[in-house]
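# Structural characterization, general
As a plain string of letters, each chain reads:
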Amino acid sequence: MTARRLAVPAAFLVLLGVLVVRTVDAGGFGLGLRVDRATTTALRKAAPPKSPGSWPVSWISGTDCHNDPPMQVHAYNEDTYVIRQSKCATYEAPFLYLLFGEDKVLLMDTGATGVLPVKALVDEIIANWLAAKGQADIDLIVAHTHGHFDHVQADNQFAGSPDVTRFVGTNLAEVTSFWGLTNYPEDIVTYDLGGRVVDVLATPGHHPVSVSLYDRDTQILWTGDIVYPGHLFVFSASEWFDFRDSLQRLVDFAAANPVQWVVGCHIEMSATPFEPYAYTTTVHPDEHLLQFRPEILSDILEASLDMGNEPACTIFDEFVIHPVYLCGITWNG
Ligand SMILES: [Zn+2]
Ligand SMILES: [Zn+2]
């Protein structure tokens, strides 16, 4: 029998207007859940952002290690960069964000390997940006979505460097003091990069010290590891409640602010619904897009609320609710 299971009786889900979808995979017959989007919370209609951008057709995904660069740099627009580390270098293949304001440039995370020259790459992007703007210098701020190992491995390339104006550690005291979060995790604060303001939301649940950023200029909500197309890992029973509270905070925020895209730090789903890659897989042919539409937030919230206080490891169409303490980290259905 497959480990996938329904969290609540199907009849109850039908009452709630939730669509139950039966799926077949190589492992046999399994049940998957899909939340009917007609039931989701009404999110604010997005007005055009001040600074629109575009996404690449695909990311390096371990399918051509001979020719792919170890890190792919994508300019979403002239002031917003997304860096993907190659599956060939690290199975985590995380995404890093680099946001330029007029006075400060903010790097979120340093990646999953200390071997790759992350700082040299960031320095090059900054030098090109300064040249294009005709600007002499800019303050580099290095912070993190959260402190898991796959987001901090190149920290030592930045910490203590004279090129870095401020390096923010990953513990609660450093994170709350830097952002100005005085009532963690309830308060939402702003951080000004110089003509570019981001809102900072505390989003524990995947990790106790975690922030998501909302960029007003692009209307991108950068969610770290709490929301991305893949395994939404929750590591303890108590964090299940933090996870749901953070999802509620994100949904409430997206109901009050226009969100174009929700962007996390990994891709672990294939483009085919209900098909996650196994954690630690090093080749990802035909990946799901990195970016989600904002409705994904209420989909994940509703899926987790439907599970009540006893979550189950469950594969959904575009994400996996994955309480590690129940089924282990390598569970894949
Ligand atoms: Zn993580
Ligand atoms: Zn991660």
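Residues numbered from 1 in each chain as written. Chains lettered and ligands numbered in written order. Predicted model: local features only at pLDDT ≥ 70, side-chain atom pairs only at ≥ 80, totals over all residues. Heavy atoms only, no water.

## Focus on the coordination of the zinc ion (ligand 2)
Under perfect tetrahedral coordination by four donors, a metal shows angles of 109.5 degrees; under perfect octahedral coordination by six donors, it shows angles of 90 or 180 degrees. Donor atoms from the polypeptide that coordinate the zinc ion (ligand 2) comprise Asp150 (OD), His151 (NE2), Asp225 (OD) and His266 (NE2), at 2.1 Å from the metal. For the zinc ion (ligand 2), the four donor atoms in the first shell make angles of 88 to 160° at the metal, so the coordination geometry reads as irregular. A separation of 3.5 Å is found between the zinc ion (ligand 2) and the zinc ion (ligand 1), which share aspartate 225 as a coordinating residue. Note that aspartate 150 is positioned in the loop between strand S7 (139-143) and helix H3 (155-158) and aspartate 225 in the loop between strand S12 (220-224) and strand S13 (231-234), a separation of 75 residues in sequence. (Donors = N, O, S within 2.8 Å, 3.2 Å for Na, K, Ca; no water. Tetrahedral: all angles 85-135°; square planar, octahedral: opposite > 155°, others 65-115°. Helix = DSSP H or I, 4+ residues; strand = E, 2+ residues; numbered from the N terminus.)

## Focus on the environment of lysine 104
Of note, lysine 104 is situated in strand S6 (residues 104-108). Here lysine 104 falls in the partly exposed class, since its relative accessible area comes to 23%. Remark: the alpha-carbon pair of lysine 104 and aspartate 137, spanning 33 residues in sequence, is separated by 9.3 Å. Among all residues touching lysine 104, those that are not within four sequence positions of it are Leu99, Ile138, Asp139, Ile141, Tyr191, Asp192 and Leu193. (Buried < 20%, exposed > 50% of the residue type's maximum accessible area, 1.4 Å probe, protein only. Contact = heavy atoms within 4.5 Å.)

## Topic: the pairing of strand S9 (residues 188-192)
Burial along S9 is one-sided: the residues Val189 and Tyr191 are buried and none of Ile188, Thr190 and Asp192 is. Examined bridge by bridge, S9 and strand S10 (residues 197-202) share five bridges and lie antiparallel to one another. Residue pairing for S10: isoleucine 188 is matched across the bridge by leucine 201. The turn joining S9 and S10, which pair antiparallel and follow one another in sequence, is formed by four residues; a positive phi near 100° is taken by glycine 194. (Pairing = 2+ DSSP bridges.)

Coordinates in, geometry out; function isn't part of it.
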